[in-house]
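# Examining the three-dimensional arrangement
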Amino acid sequence: MFTPDPDRFLADLHHLRSFGASGVGKGVVRPAFSPEDIAARDWLATRMEEAGLTPHVDPAGNLFGLGDGPGLLLGSHSDTQPEGGWLDGALGVIAALEVVRAAREAGRTDLSVVSFQDEEGRFGVTTGSALWSGAITLDQADPLTDRDGLSFGAARTALGDRPGDWIDPARFTGFLEMHIEQGPVLDRSGDRIAVVTDIVGIRDMRITLSGEQNHAGTTPMALRRDAFQGLAEIATRLDTRLAGIAGAATVWTIGHVALHPNTSSIVPGKAVFSMQWRDGDTDRLDAMERAIRETVTEIAAARDLGAAFGPMRGIDPVAMDPGLRAGLEAAAATLSPGAWRKLPSGALHDAANLAARMPAAMLFVPSIGGISHAFAEDTDEADLTLGLKVLAHAVAQRNG
Ligand code: HGY
Ligand code: MN
Ligand code: MN
């Protein structure tokens, strides 16, 4: 048995927050490959080395702290959304570091740590773990661009000479990820731990509508080919159409819109927008995709607009490993009796990619107010340290 050090864990968690601290509450701005992200990874590498692990960066920028293996891999991601919270991803990386560090201090050296790159999908969807797990190739990832047009291939040159080769997934016996729930269930129920049953599937693509840029005063309404009006009609029509397909947990989001030239006296000739949808059922994801493509095509034709669909990125729904889940459930029942539950994840996680290569499981701690992907994201420190103890307990009960 070994005991993690809650104070050391919290100190490292707060230090990681300092890389890209937004100045608003505990918010963090640390996008993949940003200077703040690289600095954070360099610091994590030193903490891994101080713990007796061997730091290793792969071509995607995933940072491993390698133990002797073969053994469990623990971790998450340390990149954030453009306006991120201090715990999304970071919690799982630091909890993994603390559990593995404490285990090594007690003589157990088979465990490893990882911080995956671009889980937040600045370029793709969980790009770093998708590359490492073999879901996509570097040739497929490198052309992917962020919302400003920077490619993954260009961005990863920020790694300099840090990257070595890929680490073989076969050296690990399974993957455990601790994460904040990022939703309201634990916060509203009073439960303090959730063991994840499965992770939702996701589809994401950018769509471009092309009309005619023109004068906002002299162009009669009947002659306009207004890309924004097309987008507005698509958004409204999809709300109705997708509601007819949706199940209880189905979601869809248009989160990013770029109008060109985006000024008040010019009829927008171009609209680029993100279209993202999630559900636990692959057939429903397929039906939603058909509805989206049909609706965009119909309205674009009716408004004499061009419609172009960018590459679609996605991950199918995935169940967590029963064996690893059982260990987390036993630890939760022991350390949080009567205050834990099983829960599907509406958020996407690196564990969804890892599950294709090895047994994978996750545990959640509450998000205050259910808030995440916002500077206001937070969790009570008592819940953070309880989650750490549950993770450590589950690992300690498993040899190899
Ligand atoms: O979007 C997600 O579900 C994850 O937090 N990137
Ligand atoms: Mn995350
Ligand atoms: Mn996230």
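## Looking at the coordination of the manganese ion (ligand 3)
Distances from the manganese ion (ligand 3) to its protein donors, Asp-88 (OD), Glu-120 (OE), Glu-120 (OE) and His-373 (NE2), fall within 2.1 to 2.4 Å. If you list the donors of the manganese ion (ligand 3) from N- to C-terminus, the spacing comes out as D-x31-E-x252-H. Asp-88 sits in the buried class, given a relative accessible area of 5%. Judged by relative accessible area, His-373 falls into the partly exposed class, the value being 38%.

## Let's talk about the packing of aromatic side chains
Applying the stated criterion across every chain yields a total of 10 aromatic pairs. Here the aromatic rings of Phe-64 and Phe-116 are separated by 6.3 Å at their centres, their planes lie at 85°, and the arrangement is edge-to-face. With Phe-64 in strand 2 (residues 63-66) and Phe-116 in strand 4 (residues 112-116), this pair connects stretches of sequence that are 52 residues apart. For the pair Phe-64 and Phe-116, a shared accessibility class is recorded, and that class is buried. Centroid distance Trp-132 to Phe-172: 5.9 Å. Interplanar angle 55°. Geometry classified as tilted. Here Phe-172 lies in strand 5 (residues 172-180) and Trp-132 lies in helix 4 (residues 127-132), a separation of 40 residues in the sequence. Phe-172 carries the same exposure label as Trp-132, and that label is buried. Feature note: the residues Phe-64, Phe-116, Trp-132, Phe-172 and Phe-175 constitute an aromatic cluster, connected by ring pairs. When the ring centre of Trp-86 is taken as origin, the NZ or CZ atom of Arg-17, which lies over that ring, is 5.4 Å away. Geometry around Phe-309 places Arg-293 over its ring, the cationic atom sitting 5.1 Å from the centre.

## Focus on the coordination of the manganese ion (ligand 2)
Coordination of the manganese ion (ligand 2) by the protein is provided by His-77 (NE2), Asp-88 (OD) and His-179 (NE2), with metal-donor distances spanning 2.1 to 2.3 Å. Motif for the manganese ion (ligand 2), donor spacing along one chain: H-x10-D-x90-H. In this structure the manganese ion (ligand 3) is found 3.5 Å away from the manganese ion (ligand 2), and Asp-88 serves as a bridging donor for the pair. One end of the pair, Asp-88, is in the loop between strand 3 (71-77) and helix 3 (90-105); the other, His-179, is in strand 5, and 91 residues separate them in sequence.

## Points about the packing of helix 3 against helix 12 (residues 381-396)
Helix 12 packs onto helix 3 with a crossing angle of 50° between their chain directions and a minimal axis gap of 10 Å. Considered as vectors, helix 3 and helix 12 are oriented oblique to each other. Along this stretch, helix 3 crosses helix 12, giving a crossing that reads as right-handed. Together, Leu-91, Ala-95, Ala-96, Glu-98 and Val-99 of helix 3 and Leu-384, Leu-388, Leu-391, Ala-392 and Val-395 of helix 12 make up the contact between the two elements. Counted by class, the contact of helix 3 with helix 12 contains 9 nonpolar, no polar and 1 charged residues.

## Some thoughts on the environment of Arg-341
By the secondary structure assignment, Arg-341 is in strand 16 (residues 340-345). Apart from residues lying up to four places away in sequence, Arg-341 is in contact with Val-185, Leu-186, Ser-189, Asp-191, Ile-193, Ala-194 and Val-195.

Reading the values: rules and limits
Residues numbered from 1 in each chain as written. Chains lettered and ligands numbered in written order. Predicted model: local features only at pLDDT ≥ 70, side-chain atom pairs only at ≥ 80, totals over all residues. Heavy atoms only, no water. Donors = N, O, S within 2.8 Å, 3.2 Å for Na, K, Ca; no water. Buried < 20%, exposed > 50% of the residue type's maximum accessible area, 1.4 Å probe, protein only. Phe/Tyr/Trp six-rings, centres within 6.5 Å; stacked < 30°, edge-to-face > 60°. Helix = DSSP H or I, 4+ residues; strand = E, 2+ residues; numbered from the N terminus. Lys NZ or Arg CZ within 6 Å of the ring centre and 35° of its normal. Axes fitted to C-alpha atoms, helices over the stretch in contact; angles between N-to-C directions. Parallel < 35°, antiparallel > 145°, perpendicular 65-115°, else oblique. Left-handed = near helix turned anticlockwise from the far one by under 90°. Contact = heavy atoms within 4.5 Å. Nonpolar A, V, L, I, M, F, W, Y, C, P; charged D, E, K, R; others polar.

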